[in-house]
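# Structure at a glance
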Amino acid sequence: MSAPRAGSLLLIFSSLFLRAESITLHPVPKEVVMARLRQAASHNRDREATLKKLFEDAGCRNEWIAEQPVKHLKIPNVICTWPGSTDARILVSAHTDHVSKGDGTVDDWSGAALLPDLIE
């Protein structure tokens with residue numbers, strides 16, 4: 001697994017090896033997706049806290065959430081590791097940092113805010 005980009009929020013599903021006929025999709029309502037998208041904070045530190053809360057609200061238990069320090073940055077990566085039955089991993093990530101020009105909703109709050117949807 002390659003190293004995640006600085007300022008990333010990671011969602012790691014462990015052992016999601018299911019037979020296709022056993023998978024049931026439960027779409028997240030558009031209102032929920034849009035509400036998460038509207039929570040884009042203007043400061044990176046606030047984005048980190050918001051995403052932790054979104055993970056928790058989506059079902060990622062506190063003991064599954066970890067912070068990963070990033071060299072030369074004040075804000076850590078946030079990781080939710082969803083346990084499975086083997087050590088295999090599927091990594092899904094998005095970065096939470098943004099530049100001062102614009103609000104960073106498209107790059108990449110939109111990707112980060114969708115990660116809790118995968119949990120649901």
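Residues numbered from 1 in each chain as written. Predicted model: local features only at pLDDT ≥ 70, side-chain atom pairs only at ≥ 80, totals over all residues. Heavy atoms only, no water.

## Thoughts on the nonpolar core
- Ranked by internal contacts, the top residues of the largest apolar core, which has 15 residues, are Leu51, Phe55, Cys60, Ile65, Cys80, Trp109 and Ile119.
- Secondary structure elements with two or more residues in this core: helix H2 (44-58), strand E3 (77-82) and helix H3 (105-119). (Core = buried A, V, L, I, M, F, W, Y, C linked by side-chain atoms within 4.5 Å. Buried < 20%, exposed > 50% of the residue type's maximum accessible area, 1.4 Å probe, protein only. Helix = DSSP H or I, 4+ residues; strand = E, 2+ residues; numbered from the N terminus.)

## Description of the state of the cysteines
- Counting across every chain of the model gives one disulfide.
- A sulfur-sulfur separation of 2.1 Å characterises the disulfide bridge that pairs cysteine 60 with cysteine 80. Sign of the S-S torsion, about 110° for the bond between cysteine 60 and cysteine 80, identifies this disulfide as right-handed. Taken as a pair, cysteine 60 in the loop between H2 and strand E2 (65-68) and cysteine 80 in strand E3 lie far apart in primary sequence, 20 residues in all. For the pair shown, cysteine 60 and cysteine 80 are each scored as buried. (Disulfide = S-S within 2.5 Å.)

## Things to note about the pattern of salt bridges
- Tallying each qualifying case throughout the model produces seven salt bridges.
- Its salt-bridge partner being glutamate 120, residue arginine 36 comes within 2.3 Å of it at the nearest N-O pair. Of this pair, arginine 36 sits in helix H1 (residues 30-37) while glutamate 120 sits in the segment after H3; the two residues are 84 residues apart in sequence, bridging distant segments of the chain.
- By relative accessible area, arginine 36 is classed as buried at 5%.
- The residue lysine 53 makes a salt bridge to aspartate 57 at a minimum N-O spacing of 2.7 Å. Remark: aspartate 57 and lysine 53 occur in helix H2; sequence separation between them is four residues, near one turn of the helix.
- Classification of lysine 53 by relative accessible area gives partly exposed; the value is 45%.
- Under the relative-accessibility criterion, aspartate 57 is labelled partly exposed at 48%.
- Overlapping salt bridges, with partners in common, bring together Arg45, Glu48, Lys52 and Glu67 in one network. (Salt bridge = Lys/Arg side-chain N within 4 Å of Asp/Glu carboxyl O.)

## Details of H3
- Along its 15 residues, H3 runs 21 Å from first to last C-alpha, staying within 8% of the 21 Å computed at 1.5 Å per residue.
- Among the residues of H3, Thr105, Asp108, Trp109, Ala112, Ala113, Leu115, Pro116, Asp117 and Ile119 are the ones counted as buried. (Expected span 1.5 Å × (residues − 1).)

## As for the confidence of the model for the protein chain
- Overall, the predicted model of the protein chain reaches an average pLDDT of 78, with 80% of residues at or above 70.
- Highest mean pLDDT in the protein chain belongs to H1 (92); lowest belongs to strand E1 (residues 8-14) (52). (pLDDT = per-residue confidence, 0-100.)

## Some points on the environment of alanine 113
- The topology assignment puts alanine 113 in helix H3.
- Residue alanine 113 is classed as buried on the basis of its relative accessible area of 4%.
- Separated by 78 residues in sequence, alanine 113 and alanine 35 have C-alpha atoms that sit 9.4 Å apart.
- In contact with alanine 113, other than residues within four places in its own chain, are Arg36, Leu37 and Leu51. (Contact = heavy atoms within 4.5 Å.)

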